[in-house]
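Examination of the molecular architecture
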Amino acid sequence: MTMETARIGADANLMPQELADDTSDKHFVAAPCQIACPVGTDAPSYIGYIWAGKFEEAFEAITATNPFSSICGRVCDAPCEPACRREASDGALQIRNLKRFVMDRLGATWTPKPAAQTREQSIGIVGAGPAGLVAAHDLAVAGFKVDVYEMTDKPGGMMIWGIPAFRLPQNIIGEDMVRLQKRCPGLTIHTNTALGRDVTLEELKKRHDAVVLTIGSWWGKKMGIPGENDARVVDGVEFLRRINAGERPQMPREVVVIGGGDVAMDACRAALRLPGCEKVKVVYRRGPDEIPARKIELQGAVEEGIEFIYNTQQVEILPQGDDSLLLRCVKTGAGEPDADGRRRPVVMENSQHDIPCGMVIAAVGQYGANDDLEAQGLMAGDRVATEWEGMKTADPKVFAAGDGAFGGSTIVMAMSHGQRVAYYVKAFLEGNAKPVAYRTPWRTRRVPVAQDTRWEQIALHHPEFHGVGENPVEFPEIESTYTWDEARDEAARCYRCDAETGSSDYSVQNREDIFLMARMGKDDVARQARMLAKRLRPRENPFPQDRPATLDDLVFLPANLSRLVIDPYREACAINTDLGFGRMELEQPFFAAGFDDAPASVKAGVAAGLKGVAAGYIGVQPLGGGAPWLQLVLPGQIAPSSEAAGLIHVVGPRFEAPQGAARLHENQLLGLSVAHHEALEEAIVFGLENKFDVLLLNGNHAVGTSMPELAGAPDLSMLRDAITILRRLNREEEIDILWYGGVRSGTDAAKAIALGAKAVVFGMAVAFAAGAEIHGHELLFAPDRSEEERAAAVANILKAAAGEASMMARCTGKTNLHNLEPEDIRALTRATAAATGLPLAGTT
Amino acid sequence: MVTIDLSQVSVREGNEQIRAAGAEGHDIEVLNPDARHHIGVGLIHPVTVTVRGSAGYFLGGLSDKANFRVERNVGWGLGDNMYNGSVVVGGNAGAIAGVAIRGAEIVVKGNIGSRAGQVMKKGTLLCAGNANFMAGYMMYGGRIIILGDSGERLGEDMSGGEIFLGGPLNSLGSDATLTDTEQAEIDDIRAFLDRYEIPFKGSFQKVVNAGKKLRYGTSETPVRSIPFFTFSGQSDYWNQKVQEDVYIKSQIGRYRVRGYGGARAVPHLSDLAFRKDVTAAAIGDDPVADVEMKTLIGGINGAKPLTLSMPVMIAPMSYGALSRSAKQAIAIASGMAGIAENTGEGGMSDAQRDAAKQLIFQMLGGRLGWNIHDMNRADGLEIYISQGAKPGFGGQLMAKKVTKELAEIRGIPAGIDLRSPSRHPDILGADDLVIKIEELREATGYRLPVSVKLGAGRIRDDIKIAVKDGFDFVELDGMQGSTGAGGAEVMEYVGIPTLSAICEAERALASIGRRQDIEIVLMGGIRDGVDAVKGLCLGADAIALGTSAIIAGGCIACMQCHVGQCVTGIATQDPEHEKRYKAKVEAQHIYTFLESVRWQIAAITKALGHTSAKQLSRDDLVALTPEAAEITGLPYEPDRRNVELFQAAG
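Residues numbered from 1 in each chain as written. Chains lettered and ligands numbered in written order. Predicted model: local features only at pLDDT ≥ 70, side-chain atom pairs only at ≥ 80, totals over all residues.

**What about the overall build of chain B?**
- Scanning chain B from N- to C-terminus turns up 18 helices and 27 strands.
- Taking 650 residues into account, the globule formula puts the C-alpha radius of gyration at 26 Å, and chain B, at 26 Å, falls close to it.
- Principal-axis analysis of the C-alpha atoms places the extent of chain B at approximately 85 × 60 × 45 Å.
- Counting across all 650 residues of chain B, residues that qualify as buried make up 65%.
- In chain B, the proportion of contacts linking residues at least 24 apart, taken out of those at least 6 apart, comes to 54%. (Helix = DSSP H or I, 4+ residues; strand = E, 2+ residues; numbered from the N terminus. Rg over C-alpha atoms; globule rule 2.2 N^0.38 Å. Buried ≥ 20, exposed ≤ 12 C-beta atoms within 10 Å, placed from the backbone. Contact = placed C-beta atoms within 7 Å.)

**A closer look at the domain arrangement of chain A**
Residue and element names in this part refer to chain A.
- Parsing chain A into structural domains produces domain 1 (115-218 + 368-441), domain 2 (221-365) and domain 3 (583-794).
- Here domain 1 and domain 2 have C-alpha centroids that lie 32 Å from each other.
- For the side of domain 1 that touches domain 2, a count of residues per class yields 5 nonpolar, 2 polar and 1 charged. (Domains from an automatic or database assignment. Nonpolar A, V, L, I, M, F, W, Y, C, P; charged D, E, K, R; others polar.)

**Looking at unusual backbone geometry**
Residues and elements named next belong to chain B.
- Positive phi is not limited to glycine here, since aspartate 175 has a value of about 60°.
- The residue aspartate 175 is located in the loop between strand S9 (162-165) and strand S10 (176-179) in this model.
- In this structure aspartate 175 comes out as partly exposed when scored by C-beta crowding, with 19 C-beta atoms within 10 Å.
- Phi angles above zero are rare outside glycine, and arginine 367 is one such case at about 50°.
- Mapped onto the elements, arginine 367 comes out in the loop between strand S18 (358-363) and helix H7 (372-376).

**Brief notes about the pairing of strand S26 (residues 542-545) of chain B**
Residue and element names in this part refer to chain B.
- What you see with S26 is no split at all: Ala542 and Ala544 on one side and Ile543 and Leu545 on the other are buried throughout.
- With 3 bridges connecting them, strand S16 (residues 312-314) and S26 associate as parallel partners. The residue bridging methionine 313 from the neighbouring strand is alanine 544, located in S26.
- Strand direction decides the pairing type here: strand S25 (residues 519-523) and S26, joined by 3 bridges, are parallel. By the bridge assignment for S26, leucine 522 is matched with isoleucine 543.
- Considered for its hand, the β-α-β crossover made up of S25, helix H13 (residues 529-537) and S26 is right-handed. (Pairing = 2+ DSSP bridges. Right-handed = clockwise from strand over helix to strand, strands pointing away.)

**Focus: the sheet that holds strand S25 (residues 646-650) of chain A**
All names here are of chain A.
- Pairing is parallel in the closed barrel, where 8 strands are placed in the order S22-S23-S24-S25-S26-S27-S28-S29. Sheet twist, expressed as the average angle between the axes of neighbouring strands with direction ignored, equals 25°.
- This element, helix H23 (residues 717-728), spans strand S27 (694-698) and strand S28 (736-740) of the sheet and lies at about 150° to S27. (Axes fitted to C-alpha atoms, helices over the stretch in contact; angles between N-to-C directions.)

**Some thoughts on the domain arrangement of chain B**
Residues and elements named next belong to chain B.
- Splitting chain B by domain gives domain 1 (2-209), domain 2 (282-616) and domain 3 (625-650).
- On a C-alpha basis, the centres of domain 1 and domain 2 stand 33 Å from each other.
- Listed per partner, the contact involves 34 residues of domain 1 and 21 residues of domain 2.
- Looking at the side of domain 1 that touches domain 2, the element that brings in the most residues is helix H1 (residues 11-23), giving 4 residues.
- Along the lines of polarity and charge, the residues of the side of domain 1 that touches domain 2 split into 14 nonpolar, 12 polar and 8 charged.

**Observations regarding the pairing of strand S2 (residues 145-149) of chain A**
Residues and elements named next belong to chain A.
- When you tally the buried positions in S2, you get 5 out of 5 residues, the bulk of the element.
- Every second residue of S2 is oriented toward a common face, with Lys145, Asp147 and Tyr149 on one face and Val146 and Val148 on the other, all of them buried.
- Sheet topology note: the strand S1 (residues 122-126)/S2 ladder contains 5 bridges and is parallel. By the bridge assignment, valine 126 is partnered in S2 with tyrosine 149.
- A crossover connection joins S1 to the parallel S2 through helix H8 (residues 130-141); in handedness this β-α-β unit is right-handed.
- Here S2 pairs with strand S3 (residues 187-190) via 4 bridges, running parallel. Paired with valine 146 across the two strands is leucine 187, which belongs to S3.

**Considerations on helix H17 (residues 411-429) of chain A**
Residue and element names in this part refer to chain A.
- The end-to-end C-alpha distance of H17, which contains 19 residues, comes to 27 Å, matching closely the 27 Å that a straight helix rising 1.5 Å per residue would cover.
- Of all 19 residues in H17, 16 are buried; the element is thus mostly enclosed.
- Positioned one or two residues after H17, glycine 431 has a phi angle of 75°, which is positive. (Expected span 1.5 Å × (residues − 1).)

**Let's talk about the environment of glutamine 117 of chain A**
All names here are of chain A.
- Checked against the element boundaries, glutamine 117 lands in the loop between helix H7 (95-106) and S1.
- Look at glutamine 117 and you get partly exposed, because 17 C-beta atoms sit within 10 Å.
- Excluding residues within four positions of it along the chain, glutamine 117 makes contact with Gly143, Lys145, Pro185 and Gly186.

**Some remarks on the interface of chain B and chain A**
- On the chain A side, the residues contacting the 117 residues of chain B number 95 residues.
- Here the element with the most residues in the side of chain B that touches chain A is helix H16 (residues 583-607) of chain B; it accounts for 9 residues.
- Its residues assigned to classes, the side of chain B that touches chain A shows 58 nonpolar, 36 polar and 23 charged.

**Details of H13 of chain B**
Residues and elements named next belong to chain B.
- Counting buried residues in H13 gives 9 out of 9 residues, a clear majority hidden from the surface.
- Listing the buried residues of H13 in full gives Gly529, Val530, Asp531, Ala532, Val533, Lys534, Gly535, Leu536 and Cys537.
- Glycine 539 sits one or two positions beyond H13 and adopts a positive phi of about 125°.

**Concerning the confidence of the model for chain B**
- For chain B, per-residue confidence averages 93 on the pLDDT scale, and residues scoring 70 or more make up 97% of the total.
- Overall fold confidence (pTM) sits at 0.94, and the ipTM for the predicted complex is 0.95. (pLDDT = per-residue confidence, 0-100.)

**Comments concerning the sheet that holds strand S1 (residues 2-5) of chain B**
Residues and elements named next belong to chain B.
- In spatial order, the strands read S1-S2-S3-S4-S5-S6-S7-S8-S9-S11-S10; together these 11 strands make up an open sheet with mixed pairing. The open sheet has two edge strands, S1 and S10, and neither has a second partner. Within this sheet the neighbouring strands show an average axis-to-axis angle of 15°, counted without direction.
- Pairing analysis gives 4 bridges linking S1 to strand S2 (residues 28-31), with the strands arranged parallel.

Printed below as a string of structure tokens:
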């Protein structure tokens, strides 16, 4: 499946549960590593979890689609890694080793929740290799009873018989097997039960409602050259089986392995470790660029001292009198490309030569075979004849999968076959004749991106490689796993191709499309058309009707040609503010509010912070510490204080003139606090008539709570309406407006000022700076901050706000923040345009 | 000696004759200069031009190696951007004498106007009389010698260089300080004075940068971009993003800086749909062959236009913000696709010039890397007024990216947090701008299109000025445009969306009946051929792609450009990181992307029933959201959304 079709999300509601995934999430794209993984492992998530130290979550993400995660952590051919986009930069993420890191921590001890057998129907599976056991797993988890018939004495197939312990220790296989058994109580594995010898297909068909053939590609192919029947010529898979059964045969001094695949790699490295063997050579008929062995296996073999003889083809084996053999070879060159695109080796003239050795191991391919199936007519050559769509054989009750059905492949590919066949068997048993075509589901756990700022620099780091070790015949493991620090560094390197980065226009889906557009054939009309159809898909309306008016949706109009910009990097912009015709002078138009109920140490910190930047405080009680205090006077509560720099009388939803509102000294500010539209007009008229200095507008309507902003977005129309009333009365200059509601930054402050406020009140923003956290509907202060830290943070947030506010003014060409006007801003949404009375950007 | 009488020939003819004489090695005498502007601009030969009288603006501007002698006074911008060579003025000079010089020796025997030596990089500016205010304003290097009164705020915001003052110090500018002189410096000044026969026996005070503003005081707490795709209005008002923002600012006490474009959704071209079912229309196998897309830009006033194989160009991005390799990849791809590339701020490299078949050379207020030789080898000149990502701000390049080599190209001290000036020294209004455009045209013989880049704001007014001032085209950049580094708040909250910008521009030009007098290149958040066609339908003559081209070439949009350690080697000057970028491979990707854009433009144009991209019009569009309908004036047809969805699903 191509990546672009892979990513067009299917409607989750229409997909069967097994295939439902997250591809319809507009904030998700299956990363290239996940797409490259045949079982769709959610690698970005487990990598993210590893970085966060959440190993159990990582374990879940790893094992969710892979019952052989411990094994894969050691020996998966990891197609994810070449797909990793960091490969093009400074090297792919070590995805397999990160998996191993988690499995080494939790693999041995984790007890999965058993999946109960809930159905009557049973399935017989022939062959306990990766394909068969994964099919068994998925079907058992789906509630079926499953019986697996295995001809050897151990389950695992090539995982156990094909891979030597220096790459895959037996106990690691055991971990996965134990977990499999615990997870699937309805699964029984019958070892030493070969098809045809101990049980027949007919019997299985009678015993079970469906049969799955996963017979593997068990037998080594012959080379087809004279002399290969010599006893000193062995086939690779047979050789590995003996070694993996525990044999450690005495070897001749020199061994030649023929072939360039994974079996050849394991065989040559196993031979090297056996007693008597001093030199191993690998003969391969193509060049180093064409060798199919995984890079890491090849590197390991080279590092261990194995010699690779490329472009060389065996033609005959000649036994010699002195107990040795001569492997007669010819040199090859690159010919025309084959169907698979690799160049066919052609024999060079006069290139015959002999390689002396004591043993030849032929690893030139495998085949599947079974007499019973042959007799039933289910075989086609060396494979079970199987249709890829539906995984069906000629017998309607019999399915097949894995290497035995589709030829030699990898563990993870065989596992994906197991998943695929389980899906179709389940559909068959449920009587679903036309199941939705199978595809690997791509799920995400939406893990946050690793917050390591060195992520761009950290170099790729391989775990320590040990080679053959001190006692090679014991087959000690070739490499260590990562330490926690190493794993964390490696995890931090992940690009997180699956996730949003925060860009709006270049969302994860948009940038993936661009990436694909950059990689599609100019003349590939079908692909271009598919992509165009996808690109034509409109985005969701980001401004649905229920989206409230917000300060976010206001923008400033920069100065360009029609007026000069004031250089925000260097040129001055005044932000000092006077309230009440000189009664109160502030260095910047900022107040803080809402700390009446805060712990004493928080109050002290905030007070010191405010004093540091000469900002004022508004509250029922003074904050102390010398910051100018505007007292909120609630009817019938604390009496007005002469200590206060100002008295703000709080007005309810229905306006009632505050009793005895008067200055206690000439320089004291007098103000009204209004939180409701209903009271606005009367309050304004009253304030003007009685020479009040300020009108505190509370956009959150929530009077009486210490932090009204917790309620959410402010009602900007309060400001609009207050200005409208003042303008109507033609007395805009006679009272100063303080805006309180939703101000998060200097930009918000500048917007409120442009809309008509003289100063703004910071509540939540200062609280966050002082260490507040939202817990449900409450604001709590983290206890682990000192008073000094809180003070510095409060001063800093207001300093930053002052810088931002003046920056906005300068961008619009103003040298004084208070010269900002409504004309300097525009709305981006209709709701915000309505609430502020401003035009929509671009409509003037 | 060749004599040119400006009472007989125009300045344009006179300058052509001066350049021709210079090329043949003849000295030149200019009679009856009558304070005309631009005398001798663009002269690049080591000859002497003697002006018998007074000259106007930009005497000897944009020149190299030539020597000018003016008997009387000169207007402002004396020796603008001169590389090597010299000017001696017998009388007084107007404002910004020696602006942006980079090696020249400029001697004014009388007084000089304000802001003398603004953004100069190298060379000597000598004023034998008094200076007006802010001499040495934002100078990066070189030497200013003032023998008389310093004027106010001497050395205002200078980043480098030295000012020697022989007369009284009126006041020092911001971030300027007095320092001790060394004997060798004084000896060198005396030798200079002797050479120009200026008798002065007094002593000198020396003024240099105080070093308080070159670097941000506290470094910002770095965070890898957290994808807050929900914003206030769609989620809790005091959401995680707000909290993170407050937290970081409460640690650093100033605004935040980041790279890339906007983080939140604004009305966008993608809120429009095509009136016809584009996916249902038969477009054949080769729509590209069936649709005329060739586009000429910049020729309306007689310059040689850019010839674009489709109505697309590359948006300005600097070598500096981007690595040399990334710029090279883009240049190669633009050449392969037959479209124009743009230098952005900070100069032109040979590699870029060679790879790009058509290249626009951008001029900013700091005049970093700006010079006559690169102007001459450019295919278009662009005056940057502002950019969509951070209108009002000059370019910003954090110290990490200001390498020695980059500093050398730009003529600035290495290792400073470079914050380019917001304004041009010589463009303080529409009238200056007319003269500046004329200077550029005079210097290059009226061959090259001259454009203006505007970060969209008061477009209704700005576009009218642009057309009246005679630009050949305008590059209109909406607020979604990206940048290598900018104030986070400015990126989000200053400027108007690209969609709004084009609509307002079209309406403004229509209202004065002058749409045909300027061409519009629209940019800012245009991601693909679909967006491109919508921009063209709304009236743009061409569109430009910036970020999308970078993404095609390997950018992963991590929004950390400002850090300077780009993981892919794109937005970095660190050689270890740049090494990761395979310019040739990525050039092919960018080219392939541009070809896909071409395919999309052709396919849509054809599906809409046109044979040429020029036939695209507003009638081809409808609006999907109320906002888009109101901004564009297009019919609001929300049901089209479902049709499009259905088509995509099918």
